[in-house]
Amino acid sequence: MLTGVILTFYIEFIRIKEKETIDYFHEELEKLPELSRDELKSLSAKIKDFNSKNK
């Protein structure tokens, strides 16, 4: 029983973190035209890192 509760909590935690990450990328994409060249490079690196972790 306790294992199920812990597993459910962990799965929900992962879902929340995933949603926060997607929301962050969405916000960055909305202001894409306003970003500097360095900010664009940083965003690109974060997306590449995110994609490599989620394959």
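Since this is a predicted model, take the numbers as computed values, not measurements.

Colleague: Looking at this structure, how should I read the overall build of the chain?
Modeller: Counting secondary structure elements, the chain contains two helices and zero strands. Over its C-alpha atoms the chain spans a radius of gyration of 16 Å, topping by over 25% the 10 Å that the globule rule assigns to 55 residues. Overall, the chain is about 50 × 20 × 15 Å in size when its C-alpha atoms are taken along their principal axes. Taken as a whole, the chain presents about 5100 Å² of accessible surface, with 61% of it coming from carbon and sulfur. For the chain, the distance from the average site of its 10 positive side-chain charges to the average site of its 11 negative ones is 7 Å.

Colleague: What exactly am I supposed to notice about the packing of aromatic side chains here?
Modeller: Note on aromatic pairs: each is described by the distance of the centres and the angle between the planes. In total, this model carries two aromatic pairs according to the counting rule given. Judged by centre distance (5.4 Å) and plane angle (70°), the ring pair of Phe-25 and Phe-50 falls under edge-to-face. On the criterion of sequence distance, the pair formed by Phe-25 in helix H1 (residues 2-30) and Phe-50 in helix H2 (residues 37-53) is long-range, its members being 25 residues apart.

Colleague: When you look at the pattern of salt bridges in this model, what are you seeing that I'm missing?
Modeller: Applying the stated rule across the entire model yields five salt bridges. Between Lys-17 and Glu-20 there is a salt bridge whose closest N-O contact spans 3.7 Å. Of this pair, Lys-17 and Glu-20 both sit in helix H1, separated by three residues, roughly a single helical turn. A residue is classified by how much of its surface remains accessible, and Lys-17, at 42% relative accessible area, is partly exposed.

Colleague: Is there a simple way to think about the side chain of Glu-28 in this case?
Modeller: Mapped onto the secondary structure, Glu-28 falls in helix H1. Not counting residues within four places of it along the chain, the set of residues in contact with Glu-28 comprises Leu-35 and Leu-43.

About the criteria used
- Residues numbered from 1 in each chain as written.
- Predicted model: local features only at pLDDT ≥ 70, side-chain atom pairs only at ≥ 80, totals over all residues.
- Heavy atoms only, no water.
- Helix = DSSP H or I, 4+ residues; strand = E, 2+ residues; numbered from the N terminus.
- Rg over C-alpha atoms; globule rule 2.2 N^0.38 Å.
- Areas by Shrake-Rupley, 256 points an atom, 1.4 Å probe, with all protein chains shown as cover.
- Lys, Arg positive; Asp, Glu negative; His and termini not counted.
- Charge placed at Lys NZ, Arg CZ, Asp CG, Glu CD.
- Phe/Tyr/Trp six-rings, centres within 6.5 Å; stacked < 30°, edge-to-face > 60°.
- Salt bridge = Lys/Arg side-chain N within 4 Å of Asp/Glu carboxyl O.
- Buried < 20%, exposed > 50% of the residue type's maximum accessible area, 1.4 Å probe, protein only.
- Contact = heavy atoms within 4.5 Å.

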